[in-house]
Structures are given as C-alpha cells and as structure tokens.
Amino acid sequence: MKLLHPIQHRSAEAQQDLALLRARDQLVQVRTKLINHVRGSVKSLGARITKCSADTFARTATAQVPEVLHASLMPLLEVISDLTKRIRGMDRQVEQMIEAHPEAVRLQQPKGVGPLTAVAFARAIEDPHRFKHSRQVGAFLGLVPKLDESSDSSPQLGISKAGDELVRRYLVSAAHYILGPFGPDCDLRRYGEALAARGGKNAKKRAAVAVARKLAVMLHRLWVADADYDPQWVQRHKTA
C-alpha cells in the first residue's frame, strides 16, 4: 500500500510563468495602495479625484490634486504612472503566455473567468491528467475545509489554503463575480445562492468559496474533456 503520493514538480517554464503572474499581482497591489492613499489625502481637504480606472488614474489625478498637496502627492503619481506602464508590459507577456497555452482560452468560457484566472489555473495545474478525479483539484488548490478529527465532534473549519494562493484568490474573485449583480444566471450562481440562503455566520463568504471550489472542478473537467461549457446543464437535466 502506498502511504504517500509521488511529488510532481512543476516544470521550469510553469514556474517562470507563475512568477510573472505573481510579480504582476504585486505591482497591482502596490498601485492600488498608492491610489487609495492619494484619494484619501485629497478627500481630507474636502476635494475629490474624479472616478476613473486605475490605468488612467495618474493622468486624471495630476490635473485635480490641490496645489497644497503637489509636493507630497506628485511623486506618488509619477510612481503610479510608472507602475501602470510596467503592468501593461506584463499584460502583453500574459497575452503571449495564453497564445502558447491555448487551453487557457477554453477555460475562459464561464463568465467571470478572465485571462488572468484562466492562465494562472492552467500553469498551476500544468498537467490536468495528474488528477484521477476532477474533484481533487479543489483540495489541490486549498479550497476544501480543514479536518479536525481529534474528537467526536466535527467543528466547521475554514478552508485548508493549501496550494497556490494567487490561483485560489483569482477563483474566489471569479466566484464573487458569478454571485454578484452582474453575474449570469447559471448552475454555479444557483448553487451559491442556495448555500447563502441557508444563513449562518459568513454565509455569503462560504458560498463564494464553495462556488470557487466547484468552478475549479468544472474548469478541470472542461480542460480534460476538451468540452464546451454549458451554464445550464444541471438545470436542464433536472427538468428533463
């Protein structure tokens, strides 16, 4: 009997691709913090920066920052502008990554799964046939509840958070979109809404994580089967 599964290391190419995605994520987080700081500083003086995208924030804010804050905020706006250019450059590299791994295009079929989520998922999994069952992907990405078998009770625990943190965060973000106001009517949305309707502590948060787990399993299945996504599959088979 095998007590341990063999370890499958990622290829150098997959590690390089994931390193790029993580580096881009760090730049985005830093830019977001700087943008929030600028907006907060301007708001403290009773003024506001016009609502705009992160990509255009530096240009918009440069013309709207009160003169009294120029000395302290203009250097930050220059940094934000530089970060935006670097993020755009990395986005072009991500596009090249997707071209090299066309499975990432198929993984974008469900609404809410964008290029970054798809390519991060594909590079983290790398070989979909390493999993005998698609449901194993949820555990691989740390989206299953932790177990506490030290007593007769079965306390409700959080997810294990094993595996790749960036991919897990992207999947949870996609789940929030699916459950949000712009999310499409689909099996995943109905599944999450049914869980959230049960109520309880952090019901919506737990529903989003459950949808993320189900989404990961679905993406793996679409990849292995080379199949088209049917957002209403469960609903149609229930009424058939």
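This report concerns the structure included in the present document. (Residues numbered from 1 in each chain as written. Predicted model: local features only at pLDDT ≥ 70, side-chain atom pairs only at ≥ 80, totals over all residues. Heavy atoms only, no water.)

## Structural notes on the packing of helix H3 (residues 70–100) against helix H5 (residues 115–125)
Right, so step 1: Close contact between H3 and H5 brings their axes to 10 Å; oriented N to C, the two are set at 55 degrees. As judged from the angle between their axes, H3 and H5 are oblique. Relative to H5, H3 is oriented so that their crossing is left-handed. Contacts between H3 and H5 involve Val94, Met97 and Ile98 from the former and Pro115, Leu116, Val119 and Arg123 from the latter. (Axes fitted to C-alpha atoms, helices over the stretch in contact; angles between N-to-C directions. Helix = DSSP H or I, 4+ residues; strand = E, 2+ residues; numbered from the N terminus. Parallel < 35°, antiparallel > 145°, perpendicular 65-115°, else oblique. Left-handed = near helix turned anticlockwise from the far one by under 90°. Contact = heavy atoms within 4.5 Å.)

## Topic: the layout of surface pockets
Right, so step 1: Of the voids in this model, the largest pocket is the one considered here, and its volume is about 670 Å³.
Right, so step 2: In terms of lining, the largest pocket is formed by 25 residues, of which the most central are Gly158, Ile159, Lys205, Arg206 and Val209.
Right, so step 3: At the level of secondary structure, the elements contributing two or more residues to the lining of the largest pocket comprise helix H7 (165–179) and helix H9 (203–225).
Right, so step 4: The element contributing the most residues to the lining of the largest pocket is H9, with eight residues.
Right, so step 5: Residues of the lining of the largest pocket, tallied by class, amount to 11 nonpolar, five polar and nine charged.
Right, so step 6: In this model, the second largest pocket occupies a volume close to 520 Å³.
Right, so step 7: When residues of the lining of the second largest pocket are traced back to their parent elements, those giving at least two are helix H8 (187–197), H9 and helix H10 (233–239). (1 Å grid on protein atoms, 1.4 Å probe; cavity = no way out; pocket = protein on both sides within 12 Å on 5 of 7 lines; lining within 4 Å. Points joined across faces, edges and corners; volume = space filled by probe spheres on them. Nonpolar A, V, L, I, M, F, W, Y, C, P; charged D, E, K, R; others polar.)

## Here's the deal with a positive patch on the surface
Right, so step 1: On the surface, a cluster of positive charge is made up of Arg59, Lys85, Arg88 and Arg92.
Right, so step 2: The leading source of residues in the positive patch is H3, at three residues.
Right, so step 3: Considering the arrangement of structural elements, one finds Lys85 in helix H3. (Patch = residues over 30% accessible without salt bridge, like charges linked within 9 Å, V, L, I, M, F, W, Y side chains within 5 Å. Areas by Shrake-Rupley, 256 points an atom, 1.4 Å probe, with all protein chains shown as cover. Salt bridge = Lys/Arg side-chain N within 4 Å of Asp/Glu carboxyl O. Lys, Arg positive; Asp, Glu negative; His and termini not counted. Charge placed at Lys NZ, Arg CZ, Asp CG, Glu CD.)

## Examining the pattern of salt bridges
Right, so step 1: Inspection of the entire model under this criterion finds 14 salt bridges.
Right, so step 2: Between Glu13 and Arg123 there is a salt bridge, and its shortest N-O distance comes to 3.9 Å. Pair noted here: Glu13 is in helix H1 (residues 12–43) and Arg123 is in helix H5, with a separation of 110 residues, a long-range link.
Right, so step 3: Asp164 serves as the salt-bridge partner of Arg22, at 2.4 Å between the closest nitrogen and oxygen. Of this pair, Arg22 sits in helix H1 while Asp164 sits in the loop between helix H6 (136–140) and H7; the two residues are 142 residues apart in sequence, bridging distant segments of the chain.
Right, so step 4: Three or more residues joined by partner-sharing salt bridges are found here, namely Arg10, Arg22 and Asp164.

## Considering the nonpolar core
Right, so step 1: Counting residues in each nonpolar core, the largest one holds 58 residues, and the members touching the most others are Val65, Phe121, Leu143 and Leu171.
Right, so step 2: Elements with a minimum of two residues in this core: H1, helix H2 (57–62), H3, H5, H7 and H9.
Right, so step 3: The leading source of residues in this core is H3, at 10 residues.
Right, so step 4: With near-sequence residues (within four places) excluded, Leu143 lies in contact with Gly138, Ile159, Arg168, Leu171, Val172, Val209, Ala212, Arg213 and Ala216. (Core = buried A, V, L, I, M, F, W, Y, C linked by side-chain atoms within 4.5 Å. Buried < 20%, exposed > 50% of the residue type's maximum accessible area, 1.4 Å probe, protein only.)

## Topic: unusual backbone geometry
Right, so step 1: The backbone of Glu126 sits at a positive phi, close to 65 degrees, despite the residue not being glycine.
Right, so step 2: Positionally, Glu126 belongs in the loop between H5 and H6.
Right, so step 3: For Glu126, a relative accessible area of 26% corresponds to the partly exposed category.
Right, so step 4: Despite not being glycine, Asp226 has its phi angle at roughly 50 degrees, a positive value.
Right, so step 5: The residue Asp226 is located in the loop between H9 and H10 in this model.
Right, so step 6: Looking at Asp226, the relative accessible area reads 54%, which means it is exposed.

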